[in-house]
Every structure is written in structure tokens, then in C-alpha cells.
Amino acid sequence: MKVTPQRTLIFEILSGLRTHPSVTAVAREVSLRSPNVSFDTVNRTLQSFVDMGILRKVVGTGNALRFDTNPLPHHHIQCVRCGTIQDIESPDLDSVPVPKFIAGRYKVLSKMMVFEVVCDECARKERIK
Ligand SMILES: [Zn+2]
Ligand SMILES: [Zn+2]
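Residues numbered from 1 in each chain as written. Chains lettered and ligands numbered in written order. Predicted model: local features only at pLDDT ≥ 70, side-chain atom pairs only at ≥ 80, totals over all residues. Heavy atoms only, no water.

Below, the discussion takes up the overall build of the protein. Assigned secondary structure in the protein consists of six helices and five strands. If you list the helices and strands of the protein from N to C, you get α-α-α-β-β-β-β-α-α-β-α. Expressed along its principal axes, the backbone C-alpha trace of the protein runs to roughly 50 × 45 × 25 Å. With 129 residues in all, the protein has 31% of them scored as buried. Pairs at least 24 apart in sequence give 45% of the contacts found in the protein among residues at least 6 apart. About 8800 Å² of surface is accessible on the protein, with carbon and sulfur atoms providing 57% of the total. In the protein, the 18 positive side-chain charges and the 13 negative ones have mean positions that sit 5 Å from each other. (Helix = DSSP H or I, 4+ residues; strand = E, 2+ residues; numbered from the N terminus. Buried < 20%, exposed > 50% of the residue type's maximum accessible area, 1.4 Å probe, protein only. Contact = heavy atoms within 4.5 Å. Areas by Shrake-Rupley, 256 points an atom, 1.4 Å probe, with all protein chains shown as cover. Lys, Arg positive; Asp, Glu negative; His and termini not counted. Charge placed at Lys NZ, Arg CZ, Asp CG, Glu CD.)

Next up, the structure:
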């Protein structure tokens, strides 16, 4: 893959984001720094980062495609209202064994747990209503 200024910029922006951004969210950040980079370029660049193993795709409850910039093994807490995804690291969760019927049938590439919650912010808004 060629290193272009756009790709470098997109990579820099991704490295600073721990919010599991959607394509739209990354494109918004990119446009603040460099307004002439198109949405399509951002989209294609993100896909190629996924192909290269730099990024992982995370599919959220709302089905909008999101990207994970954290390369280390981790788990997620996801708000079912606003879709915010937070990383958690937990040796306890890492050591939960893969069930035999899965391990016996597939080569397991990774294991990630998702805890669906209502985040503090959304809970607060709901109390106000
Ligand atoms: Zn929320
Ligand atoms: Zn994550």
C-alpha cells in the first residue's frame, strides 16, 4: 500500500480516536483537518486498513458499521440507546473458556464479549424526561 498524505492523515486521526467511530464520524474529523478529502476516499481507506489488519470492524446494535482502533485483546461495553462503545480490559473475561462445541468445530480467531447497557448519560436523560 502506498503512503499518501490522505492515508497518513486518516491513520493519525484513527490513532487518536477510542470511540469506535463510524465512517461518517471519521470523515467528519478528516474534513476538519483537510476539507478536500472526500467521504469516498475515507471509506475506501478504512476498508483497506481493515484488509491490512490495522483496523477491525465492529458491528453495533444499531447496525452502523464501526471501526475498532484498539489492536489489543479487549471487550466492550455498549450503550443500547446511543451506541457508545467503551473498551474494557479484564483478565477474568479473557480467561473464560471457549465452549467445546465451538472450539471443536472452528478455529477461533478471537473472542470478544459485549455488555449491553444504558450509559450514565442516557440514563440521566431518561430520568429527566
Ligand atoms: Zn448512551
Ligand atoms: Zn474496542
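Picking up where we left off.
A few words on the coordination of the zinc ion (ligand 1). Within the first shell, the zinc ion (ligand 1) binds the protein through Cys79 (SG), Cys82 (SG), Cys119 (SG) and Cys122 (SG), at distances of 2.3 Å. Viewed at the metal, the four donor atoms of the zinc ion (ligand 1) are separated by angles of 103 to 118°, and the geometry they form is tetrahedral. Going along the chain, you hit the donors of the zinc ion (ligand 1) in the pattern C-x2-C-x36-C-x2-C. Placement of the pair is Cys82 in the loop between β3 (75–79) and β4 (85–88) and Cys119 in the loop between β5 (114–117) and α6 (120–128), with a sequence separation of 37 residues. Accessibility expressed as a relative area gives 42% for Cys82, which makes it partly exposed. The exposure class of Cys119 is buried, given its relative accessible area of 18%. (Donors = N, O, S within 2.8 Å, 3.2 Å for Na, K, Ca; no water. Tetrahedral: all angles 85-135°; square planar, octahedral: opposite > 155°, others 65-115°.)

The next thing to look at is the side chain of Asp68. Following the sequence through the fold, Asp68 ends up in strand β2 (residues 65–68). Notably, Asp68 is buried but unbridged: the nearest opposite-charge side chain belongs to Arg56, and the N-O separation is 4.1 Å. Of the polar contacts made by the side chain of Asp68, one reaches the side chain of His20; its length is 3.3 Å. Non-local contacts of Asp68, meaning those with residues more than four positions away in its chain, are made with His20, Leu55, Arg56, Val58, His74, His76, Asp87 and Met112. (Salt bridge = Lys/Arg side-chain N within 4 Å of Asp/Glu carboxyl O. Polar contact = N/O pair within 3.5 Å; in protein donor to acceptor, adjacent residues only side chain to side chain.)

It is worth spelling out the domain arrangement of the protein at this point. Each domain of the protein was delimited in the assignment, giving domain 1 (5–67) and domain 2 (72–128). Its C-alpha centre places domain 1 at a distance of 22 Å from the equivalent point of domain 2. Across the boundary between the two partners, domain 1 contributes eight residues, which contact eleven residues of domain 2. With both sides pooled, the region where domain 1 packs onto domain 2 buries about 700 Å², and carbon together with sulfur makes up 44% of that total. For the pair domain 1 and domain 2, the interface holds zero salt bridges. (Domains from an automatic or database assignment. Buried area = accessible area lost by both parts, 1.4 Å probe.)

This brings us to the environment of Ser31. Mapping Ser31 onto the fold places it in helix α2 (residues 23–33). Given the relative accessible area of 32%, Ser31 is considered partly exposed. Distance from Ser31 to Val42, taken between C-alpha atoms, is 9.8 Å for residues eleven residues apart in sequence.

Attention now goes to the sheet that holds β3. What the three strands build is an open sheet, ordered β4-β3-β5; its pairing is mixed. Of all strands in the sheet, those bounded by a partner on one side alone are β4 and β5. Recorded for the sheet is a direction-independent mean angle of 25° between the axes of neighbouring strands. Sheet analysis places β3 next to β4, joined by four bridges and oriented antiparallel. Looking at the pairing, His76 lines up with Asp87 of β4. (Pairing = 2+ DSSP bridges. Axes fitted to C-alpha atoms, helices over the stretch in contact; angles between N-to-C directions.)

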